[in-house]
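Breakdown of the fold
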Amino acid sequence: MKTTELMRERIQEFSRQLREEFGPLAVSADGCLLEVAEEWGVQLGDELARAVTEQALPAAAESPAEATCPQCQRLARWKGVRKRRIETRRGAIHVSEPEYHCPTCRRSFFPSDPRVGDGA
Ligand SMILES: [Zn+2]
């Protein structure tokens, strides 16, 4: 997805709202306003990147009640949700994955969405 002019305008407005809500940047006596502002911008950018990534992933709560067991190909039942930490280029995000249990194989498995990756 490419950043559009409308997206840039929304980000500018969001930045103004944050500045109004949280006040001016604190610069020490020997500090440089440009460095402080850039650092805050980088932190906000990283936070935004993590939020966008987390929200793009499918929610585990919307998973089907059954899934095919990768070992025996029979239906397995939804068991619950496993939380997992994934390191991205912009820091760690946390995702929830559905866990299923196969009564035939007597084991649990996580049919990860191929878009998520295996985290290895
Ligand atoms: Zn099985």
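Residues numbered from 1 in each chain as written. Predicted model: local features only at pLDDT ≥ 70, side-chain atom pairs only at ≥ 80, totals over all residues.

Per the domain assignment, the segments making up the protein are domain 1 (5-56) and domain 2 (60-109). A straight line from the C-alpha centre of domain 1 to that of domain 2 covers 36 Å. With five residues of domain 1 in contact, the opposing surface of domain 2 contributes five residues. When the residues that make up the side of domain 1 that touches domain 2 are grouped by side-chain class, the tally is one nonpolar, one polar and three charged. (Domains from an automatic or database assignment. Contact = placed C-beta atoms within 7 Å. Nonpolar A, V, L, I, M, F, W, Y, C, P; charged D, E, K, R; others polar.)

Bringing the sheet that holds strand β4 (residues 107-109) into the picture now. Read across the sheet, four strands follow the order β1-β2-β3-β4 without closing on themselves; strand pairing throughout is antiparallel. Every other strand in the sheet has two partners, leaving β1 (66-68) and β4 as the edge strands with one partner each. Looking at each pair of strands side by side, their axes are set apart by 45° on average, direction ignored. As paired elements, strand β3 (residues 91-102) and β4 share three bridges and run antiparallel to each other. Within β4, the residue paired with Tyr100 across the bridge is Phe109. (Pairing = 2+ DSSP bridges. Helix = DSSP H or I, 4+ residues; strand = E, 2+ residues; numbered from the N terminus. Axes fitted to C-alpha atoms, helices over the stretch in contact; angles between N-to-C directions.)

Two strands pair when backbone bridges link them, and strand β2 (residues 75-88) and β3 are joined in this way by eleven bridges, in the antiparallel orientation. By the bridge assignment, Thr88 is partnered in β3 with Gly91. Taking the residues between adjacent antiparallel strands as the criterion, β2 and β3 are bridged by two residues. The hairpin formed by β3 and β4 contains four residues between the paired strands, and Arg106 there has a positive phi angle of roughly 55°.

Helix length check: helix α2 (residues 33-56) (24 residues) gives 34 Å between terminal C-alpha atoms against 34 Å at 1.5 Å per residue, within 8%. Of all the 24 residues making up α2, zero are buried; the element is thus mostly uncovered. (Expected span 1.5 Å × (residues − 1). Buried ≥ 20, exposed ≤ 12 C-beta atoms within 10 Å, placed from the backbone.)

A few words on helix α1 (residues 5-22). For α1, spanning 18 residues, the distance from its first C-alpha to its last is 26 Å, which sits close to the expected 26 Å at 1.5 Å a residue. Of all 18 residues that make up α1, zero are buried, and the element is exposed over most of its length. Once α1 finishes, Gly23 follows within two positions and takes phi at roughly 80°, a positive value.

Where β1 meets β2, three bridges bridge the pair, whose relative direction is antiparallel. Counted as the bridge partner of Glu66 is Arg77 from β2. Where β1 folds back on β2, the antiparallel hairpin that results is connected by six residues, among which Gln73 adopts a positive phi of roughly 70°.

Attention now moves to unusual backbone geometry. Positive phi, normally seen in glycine, also occurs at Gln73, with a value near 70°. Take Gln73: it is sitting in the loop between β1 and β2. Look at Arg106: it is not a glycine, yet its phi comes out positive at around 55°. Position of Arg106 among the secondary structure elements: in the loop between β3 and β4.

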